[in-house]
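Coordinate inspection notes
If you want the building blocks of each chain, they are given just below.
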Amino acid sequence: GESVGLHLPTLSVQEGDNSIINCAYSNSASDYFIWYKQESGKGPQFIIDIRSNMDKRQGQRVTVLLNKTVKHLSLQIAATQPGDSAVYFCAENGDDKIIFGKGTRLHILP
Amino acid sequence: DGGITQSPKYLFRKEGQNVTLSCEQNLNHDAMYWYRQDPGQGLRLIYYSQIVNDFQKGDIAEGYSVSREKKESFPLTVTSAQKNPTAFYLCASSLQSDNQPQHFGDGTRLSIL
């Protein structure tokens, strides 16, 4: 899940397994959520988004799940590959701007 | 290809010096943003602009300044008043809506000499 400390939480996954990255968001009024992937030395890259009128949305190898009751968002990556190694951020639309979580580092084990 | 270009990729600042980071986009986006990212941290909003000739302070605007004279360009100046400027700076843009993703450049890493 998202961390409030200085050290990013790390998820280590065997290559070929599925990855699940979790995020707790803060604003119950948020109605739009985004997942970003950030590789080392690069800017965040858009992966997938979901609006609050949906519980689930699927992309290519990725699925986002939204549970508004407990304000929880998750990103599932199927058949994790070495190229998936990165920091993953969730984001929500706050009152007048996008609010980003602190990120989770995904580490792929050979 | 459309996108956001940040330059330079690496920048060094001497004590007491102002430096300006460039951000250009050809996505025809109205809104542009500047974020600061420190190691192990999320993105913190410095300034944002929703339209040309208008901009608002974000959460950590002190020691920074911006201008938005053209739709395509949103330069950020790190002034000498910013006492801890060493960080990774990210520029983003989006369509003018709450429900649109922001598109990011590849950042500028600023260090102090």
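As a starting point, this report considers the structure included with it. (Residues numbered from 1 in each chain as written. Chains lettered and ligands numbered in written order. Predicted model: local features only at pLDDT ≥ 70, side-chain atom pairs only at ≥ 80, totals over all residues. Heavy atoms only, no water.)

**Description of the overall build of chain A**
- Of the regular secondary structure elements, chain A holds zero helices and ten strands.
- Overall, chain A shows an N-to-C arrangement of helices and strands of β-β-β-β-β-β-β-β-β-β.
- Computed over C-alpha atoms, the radius of gyration of chain A comes to 13 Å, within 12% of the 13 Å expected from 2.2 N^0.38 for 110 residues, which places it in the range of a compact globule.
- Its C-alpha atoms put chain A at 40 × 30 × 25 Å along the principal axes.
- Every one of the 110 residues in chain A was classed for burial, and the buried ones make up 43%.
- By element, 48% of the accessible surface of chain A is carried by carbon and sulfur atoms, the whole surface being about 5600 Å². (Helix = DSSP H or I, 4+ residues; strand = E, 2+ residues; numbered from the N terminus. Rg over C-alpha atoms; globule rule 2.2 N^0.38 Å. Buried < 20%, exposed > 50% of the residue type's maximum accessible area, 1.4 Å probe, protein only. Areas by Shrake-Rupley, 256 points an atom, 1.4 Å probe, with all protein chains shown as cover.)

**Points about the sheet that holds strand 8 (residues 76–78) of chain B**
Residue and element names in this part refer to chain B.
- Spatially, four strands are ordered 1-3-8-7 in an open sheet, and the strand pairing comes out antiparallel. For this open sheet the edge positions go to strand 1 (4–7) and strand 7 (64–66), each flanked by a neighbour on one side alone. For this sheet, the mean inter-axis angle between neighbouring strands, taken without regard to orientation, is 20°.
- Where strand 1 meets strand 3 (residues 19–25), four bridges bridge the pair, whose relative direction is antiparallel. Across the sheet, the residue bridging to S7 is S22, located in strand 3. (Pairing = 2+ DSSP bridges. Axes fitted to C-alpha atoms, helices over the stretch in contact; angles between N-to-C directions.)

**Some thoughts on the packing of aromatic side chains**
- In the structure shown here, the tally under the stated rule is ten aromatic pairs over all chains.
- Geometrically, the ring pair formed by F100(A) and F104(B) is edge-to-face, given 5.9 Å between the ring centres and 75° between the ring planes. Note that F100(A) is positioned in strand 9 (residues 98–100) and F104(B) in strand 10 (residues 103–104), a pairing that runs across two chains. You'll find F100(A) and F104(B) in the same group, each marked buried.
- Between Y33(B) and Y35(B) the ring centres are 6.3 Å apart and the planes differ by 25°, which places this aromatic pair in the stacked class. When sorted by exposure, Y33(B) lands in the same class as Y35(B), which is buried.
- Each member of the aromatic cluster is reached from another via a ring pair, and the members are Y36(A), F100(A), Y33(B), Y35(B), Y48(B) and F104(B).
- Sitting over the ring of F74(B), R68(B) keeps its end group 6.0 Å from the ring centre. (Phe/Tyr/Trp six-rings, centres within 6.5 Å; stacked < 30°, edge-to-face > 60°. Lys NZ or Arg CZ within 6 Å of the ring centre and 35° of its normal.)

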